[in-house]
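So the chains spell out like this:
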Amino acid sequence: MLPKLIIHNSVSLDCSISGFEADLELHYGTLRSYSPDAMLVGSNTAKTGIELFCEEIPPEEGYDLVKPEIQSQDPRAFWLLADSRGTLEGLLHIFRRSEYCKDVIVLVSEKTPDAYLDYLKERNYDFIRAGEAHVDYREALEIANKRYGFRIVVSDSGSTLNSILLEQGLVEKISLLVSPVLVGKTGEKLFGNLEKSGIGLELVKNERMERNYLHLLYRVLK
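The following refers to the structure shown. (Residues numbered from 1 in each chain as written. Predicted model: local features only at pLDDT ≥ 70, side-chain atom pairs only at ≥ 80, totals over all residues. Heavy atoms only, no water.)

**Focus: the side chain of Lys 173**
If you trace the backbone, Lys 173 turns up in strand E7 (residues 173-179). Buried charge Lys 173 goes without a salt bridge, the closest partner of opposite sign being Glu 172 at 4.9 Å. Residues in contact with Lys 173, not counting those within four places in the same chain, are Lys 4, Leu 5, Ile 6, Ile 7, Leu 217, Tyr 218, Arg 219 and Val 220. (Helix = DSSP H or I, 4+ residues; strand = E, 2+ residues; numbered from the N terminus. Buried < 20%, exposed > 50% of the residue type's maximum accessible area, 1.4 Å probe, protein only. Lys, Arg positive; Asp, Glu negative; His and termini not counted. Salt bridge = Lys/Arg side-chain N within 4 Å of Asp/Glu carboxyl O. Contact = heavy atoms within 4.5 Å.)

Okay, structure coming up:
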């Protein structure tokens, strides 16, 4: 069984995910309103976030190698980090320390280097192995539902991962926080890597937010 998957992004009026400063308070406030069990993030997006918000990478400490004790009433989401190539080696402890992260679960494939898997095991990170050369997201999400009981997963990632999820028919809804700004040619379009055309959408929510932001919620028509 697949969990309900929602794509959530902050975009400019011309649907760019770069070239402007997102309102993180509104972005994550809207994301948390879905009460996700997990957030799905691609490795490149995760690494870019670290580079933006961390002036330097803090060294690992002993407590970073210990799986946190999860309390049943903890409202935070797990972070599903898609990283079949080991891009985030040496960086995962930053997410584990985050006040917004319950713990990290890494999505890997059959081609993921053994050295990276050893790195995960030594630090007590759960991982889901699905797919040959790349992560099979359908299989990975089915395993996440069966193993952890995830019912709602929100993808907070970039163009590549979100386009893959749409092309594979895994997305139920698309949530857009529209910023009152135009970016133009320099921006990276949210679905700029989408090769499948004619994906129908139904508008289910249209809410004006503070500071001239707009929240749009679409249902993806199967």
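That covers the picture; the talk isn't over yet.
**Quick word on the nonpolar core**
Judged by nonpolar contacts, the single largest core of 30 residues is most densely connected at Leu 80, Leu 107, Tyr 137, Phe 150, Val 153, Leu 165 and Val 171. Listing elements by their share of this core, those giving two or more residues are strand E1 (4-12), strand E2 (38-42), strand E3 (77-82), strand E4 (101-108), helix H5 (137-148), helix H6 (159-167), E7 and strand E9 (214-220). Looking at this core, the element that brings in the most residues is H5, giving four residues. Excluding residues that lie within four positions of it along the chain, Phe 150 makes contacts with Pro 3, Asp 37, Ala 38, Phe 78, Leu 80, Ile 105, Ala 144 and Asn 145. By size, the runner-up hydrophobic cluster in this structure holds 26 residues, among which are Ala 77, Trp 79, Val 108 and Leu 217. (Core = buried A, V, L, I, M, F, W, Y, C linked by side-chain atoms within 4.5 Å.)

**Observations regarding the environment of Asp 83**
Along the chain, Asp 83 falls in the loop between E3 and helix H3 (92-97). Asp 83 sits 41 residues away from Gly 42 along the chain, and the two C-alpha atoms are 6.8 Å apart. Look past the residues within four positions of Asp 83 in its chain and what remains in contact with it is Ser 43, Leu 88, Glu 89, Val 106, Leu 107, Val 108 and Tyr 116.

**Here's the deal with helix H2 (residues 43-53)**
Three- or four-residue spacings in an α-helix give side chains the same orientation, since the helix completes a turn every 3.6 residues. Ser 43, Ala 46 and Ile 50 are the residues of H2 that are buried. With its buried residues spanning 65 degrees around the axis, H2 presents them on a single face. Exposed residues on H2 whose side chains face more than 90 degrees from its buried face are Asn 44, Glu 51 and Leu 52. The inward-facing, buried residues of H2 abut E2, E3 and H3. (Arc of directions from axis to C-beta.)

**Some words on the pairing of E2**
Of all five residues that make up E2, five are buried, and the element is covered over most of its length. Alternating positions in E2 separate into two faces, Ala 38, Leu 40 and Gly 42 on one and Met 39 and Val 41 on the other, with burial throughout. Here E2 pairs with E3 via five bridges, running parallel. Each bridged residue has a counterpart across the sheet, and for Gly 42 the counterpart in E3 is Ala 82. As for the winding sense of the linkage, the β-α-β connection from E2 through H2 to E3 is right-handed. The pairing of E2 with strand E6 (residues 152-155) spans three bridges and is classified as parallel. The partner of Leu 40 across the bridge, within E6, is Ser 155. (Pairing = 2+ DSSP bridges. Right-handed = clockwise from strand over helix to strand, strands pointing away.)

**Some thoughts on the pattern of salt bridges**
Oppositely charged side chains can form a pair if their charged atoms are brought close together. Considering all chains together, one arrives at 13 salt bridges under this definition. A salt bridge links Asp 103 to Lys 67, with the shortest nitrogen-to-oxygen separation between them at 3.9 Å. Linking Asp 103 in strand E4 with Lys 67 in the loop between H2 and E3, this pair joins segments that are 36 residues apart in sequence. What makes Asp 103 buried here is its relative accessible area of 3%. Given the relative accessible area of 35%, Lys 67 is considered partly exposed. Among the ionic pairs, Asp 126 bridges to Lys 67, the shortest N-O distance being 2.9 Å. Placement of Asp 126 in strand E5 (residues 126-129) and of Lys 67 in the loop between H2 and E3 is noted, with a sequence separation of 59 residues between them. Where salt bridges share partners, they join Lys 67, Arg 96, Asp 103 and Asp 126 into one cluster.

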